[in-house]
Amino acid sequence: MMVGIFVLVALFFLAVSLYISGGVTLICNRQRIVDCTLQTRRWLNQVVMEGQQLFELLRVSVGT
C-alpha cells in the first residue's frame, strides 16, 4: 500500500518536472528597427505555451 503511494508521488513529480522543463526564447530580426518574438515553452521545450510580438524596439539588452 505504501509503495503505491510513493509510486504515485514519484509519477506526479516526474510529470511536473517534464512540464516545467522548457524556457523562454527571444527571437529578433533587425532591419532598421528591431522586431522580436518572446516565446515561453514547456514540455521539454517542444510546446509553445505563450508568444508575444514586440515591435519597433530601439535596443535589446539580454542578461542572465
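The structure reproduced in this document is the subject of the present report. (Residues numbered from 1 in each chain as written. Predicted model: local features only at pLDDT ≥ 70, side-chain atom pairs only at ≥ 80, totals over all residues. Heavy atoms only, no water.)

Quick look at the overall build of the protein
- Check the secondary structure of the protein and you find one helix and three strands.
- Rg of the C-alpha trace for the protein: 19 Å, well past the compact-globule value of 11 Å for 64 residues, more than 25% over.
- With respect to the three principal axes, the spread of C-alpha positions in the protein is 65 × 20 × 10 Å.
- Split into buried and exposed, the 64 residues of the protein put 8% on the buried side.
- Of all intrachain contacts in the protein linking residues separated by at least 6 positions in sequence, the fraction that spans at least 24 positions is 18%.
- Accessible surface computed for the protein: about 5700 Å², of which carbon and sulfur atoms make up 62%. (Helix = DSSP H or I, 4+ residues; strand = E, 2+ residues; numbered from the N terminus. Rg over C-alpha atoms; globule rule 2.2 N^0.38 Å. Buried < 20%, exposed > 50% of the residue type's maximum accessible area, 1.4 Å probe, protein only. Contact = heavy atoms within 4.5 Å. Areas by Shrake-Rupley, 256 points an atom, 1.4 Å probe, with all protein chains shown as cover.)

Quick word on the sheet that holds strand 3 (residues 47-57)
- The three strands lie next to each other as 1-2-3, forming an open sheet whose pairing is antiparallel. In this open sheet, the two strands that pair with only one neighbour each are strand 1 (23-30) and strand 3. In this sheet, adjacent strand axes meet at a mean angle of 15° when their direction is disregarded.
- In this structure, strand 2 (residues 34-42) lies alongside strand 3, joined through eight bridges in antiparallel fashion. Residue pairing in the sheet places Thr-40 in a bridge with Glu-50 of strand 3. (Pairing = 2+ DSSP bridges. Axes fitted to C-alpha atoms, helices over the stretch in contact; angles between N-to-C directions.)

Section: the environment of Leu-54
- Checked against the element boundaries, Leu-54 lands in strand 3.
- As for Leu-54 and Ile-27, which are separated by 27 residues in sequence, their C-alpha atoms are 9.9 Å apart.
- In this structure Leu-54 touches Leu-26, Val-34, Asp-35, Cys-36 and Leu-38, once residues within four positions along its chain are discounted.

By themselves, these are just geometric observations and shouldn't be taken as functional.
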